[in-house]
Structures are given as structure tokens and as C-alpha cells.
Amino acid sequence: MKHNSPLTENTSTRLDKWLWAARFYKTRAIAKQMIDGGKVFYNGQRTKSGKVVALGDKVVLRQSYEEREIIVVALADKRRDASFAQTLYQETPNSITTREKNALARKQGILLSPASDTKPDKKQRRQLIQFKERI
């Protein structure tokens, strides 16, 4: 069994472990899938899950509708509470404004085209199909 001292524990951390410790993903396996699937960019490039994270590096994550651009501020490879996880990174101001704009646009889009309470009947479905074919 490998035993790490507290000093060496925080000097280098794998990207998948860091993302898990920073609570971006619920499990390391999911973090690895996201990295391998191209949803995570490390310093502007696709990378492998074993990449060693360094302080000051930029990580771009895609999570559902959100895209976050964060700077690594501290290293950790153990998952702790959420308040500790927030100290590991700092989101860029540009990323925050973009996320807020996108969230607002999604909310307005939902308000502008509300779903009907009932399914369209046969006549209404035909009219919808004809309308879509004209476009």
C-alpha cells in the first residue's frame, strides 16, 4: 500500500481527481468520462484524465447548458465539504457573465413559448405538420 505524506499529497494531483475533489462531478468515473469525452479542456486543449494539474492553469468545463471557465487556485485529491471545494478554484468574470446571460435567455425562452396543457388532436397535428413543411 502506498502512503503519501501530507507534503507530497498536494504538490501534484490528477485532473480527474481534482475535478472530483472540487465537486464538479459526483464521482471520479464521471469526471474521467467527461474528460475523455471532450467536455473538459485544460489550458485550451483536450487532455487525458491523468494530466497533472498545476496552480494558475485554466480549465473549461461543459456541464449540461453551462460552460465554466475556471482558474486552479489550490490542489486537492481528497473530496471534502462544498465550502472547501470552492476554495480550490476561481471562476473568471467573463465566464460568470456568460453563464448569467445564458440562464436568463433560457428562462425567457421558456416564458415566451409555454407548453400547452393538452396534446394536440389529429387536426391540430396535421396543421402543425403542414406549417413545418412550409418553413
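What you are looking at is a predicted structure, and each value in this text was computed from that prediction instead of being measured. (Residues numbered from 1 in each chain as written. Predicted model: local features only at pLDDT ≥ 70, side-chain atom pairs only at ≥ 80, totals over all residues. Heavy atoms only, no water.)

### Quick look at the nonpolar core
Generally speaking, nonpolar side chains in soluble globular proteins are found buried as a group.
Alright, step 1. Ranked by size, the top nonpolar core spans 20 residues in total, and within it Trp 18, Leu 19, Phe 24, Val 40, Val 59 and Leu 61 carry the most contacts.
Alright, step 2. Put simply, the parts of the chain that give this core at least two residues each are helix H2 (15–21), helix H3 (28–36), strand E2 (40–42), strand E5 (58–63) and strand E6 (66–72).
Alright, step 3. Beyond its immediate sequence surroundings of up to four residues, Phe 24 is in contact with Trp 18, Leu 19, Leu 61, Gln 63, Arg 68, Ile 70 and Tyr 89. (Core = buried A, V, L, I, M, F, W, Y, C linked by side-chain atoms within 4.5 Å. Buried < 20%, exposed > 50% of the residue type's maximum accessible area, 1.4 Å probe, protein only. Helix = DSSP H or I, 4+ residues; strand = E, 2+ residues; numbered from the N terminus. Contact = heavy atoms within 4.5 Å.)

### Details of the pattern of salt bridges
Alright, step 1. For the structure on display, the rule yields seven salt bridges.
Alright, step 2. Here Asp 36 ties to Lys 32 by a salt bridge, and the two come within 2.9 Å at their closest N and O atoms. Of this pair, Asp 36 and Lys 32 both sit in helix H3, four residues apart, which is roughly one turn of that helix.
Alright, step 3. For Asp 36, a relative accessible area of 40% translates into the label partly exposed.
Alright, step 4. Residue Lys 32 is classed as partly exposed on the basis of its relative accessible area of 37%.
Alright, step 5. Between Arg 106 and Glu 66 there is a salt bridge, with the nearest N and O atoms lying 2.9 Å from each other. A residue pair is termed long-range when its members are at least 10 positions apart, and Arg 106 in helix H5 (residues 93–112) and Glu 66 in strand E6 qualify at 40 residues.
Alright, step 6. One connected set of salt bridges, linked through shared partners, spans Glu 66, Glu 91, Arg 99 and Arg 106. (Salt bridge = Lys/Arg side-chain N within 4 Å of Asp/Glu carboxyl O.)

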